[in-house]
Amino acid sequence: MECNKSENMRKCPCTYEPCSRKGICCECIEYHKKSGELPGCFFSKAAERTYNRSVEYFASSEKNRWMADE
Ligand code: SF4
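How each quantity is defined
- Position numbers for residues start from 1 in each chain and track the written sequence from start to end.
- This being a predicted model, a pLDDT of at least 70 is required before a residue's local features are given, and a value of 80 or more before pairs of side-chain atoms are given or counted; all residues contribute to the totals for chains, interfaces and linings.
- A run of H or I in DSSP counts as a helix once it spans at least four residues, and a run of E counts as a strand once it spans at least two, with each numbered from the N terminus.
- Burial is judged by counting other C-beta atoms within 10 Å of a residue's own C-beta: 20 or more means buried, 12 or fewer means exposed, and anything between counts as partly exposed, with every C-beta placed from the backbone.
- Should the C-beta atom of a residue, placed from the backbone, lie within 6 Å of a molecule or strand, that residue is near it.
- Here the nonpolar group is Ala, Val, Leu, Ile, Met, Phe, Trp, Tyr, Cys and Pro; Asp, Glu, Lys and Arg are the charged ones; every other residue, Gly included, is treated as polar.

Participant: Explain the environment of Asn 4 to me, please; I cannot follow it from the model alone.
Facilitator: The residue Asn 4 is located in the segment before α1 (5-11) in this model. In this structure Asn 4 comes out as partly exposed when scored by C-beta crowding, with 13 C-beta atoms within 10 Å. Separated by 39 residues in sequence, Asn 4 and Phe 43 have C-alpha atoms that sit 22 Å apart.

Structure representation (structure tokens):
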């Protein structure tokens, strides 16, 4: 199986530039997982732009989003 890097690049919502892992999702996941983080594509647009990729920040930002929707 070949990497769909160009297709992944087209869909990637991560705004952090430059990043050598962009479009190579397996490397992106491995990199962030090592630090207890999640890739940028898990986050809302606003949360992604903070570049805080921690699981804790993901949980709190999603909780705030759900609360705002209620
Ligand atoms: S989430 Fe992290 S590793 Fe993935 S493309 Fe963005 S900056 Fe690079």
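After that view, the rundown keeps rolling.
Participant: Just checking my understanding: could you explain the site of the ligand for this structure?
Facilitator: Taken together, Cys 14, Tyr 16, Cys 19, Arg 21, Lys 22, Cys 28, Tyr 31, His 32, Pro 39 and Gly 40 are the residues near the ligand. By residue class, the composition of the shell around the ligand is 6 nonpolar, 2 polar and 2 charged.

Participant: What should I look at first to understand the environment of Glu 30 in this one?
Facilitator: Assignment of secondary structure puts Glu 30 in helix α2 (residues 25-34). According to the C-beta neighbour criterion, Glu 30 is exposed, with 12 such atoms within 10 Å. Considering only alpha carbons, one finds Glu 30 and Gly 40, 10 residues apart in sequence, at a separation of 13 Å.

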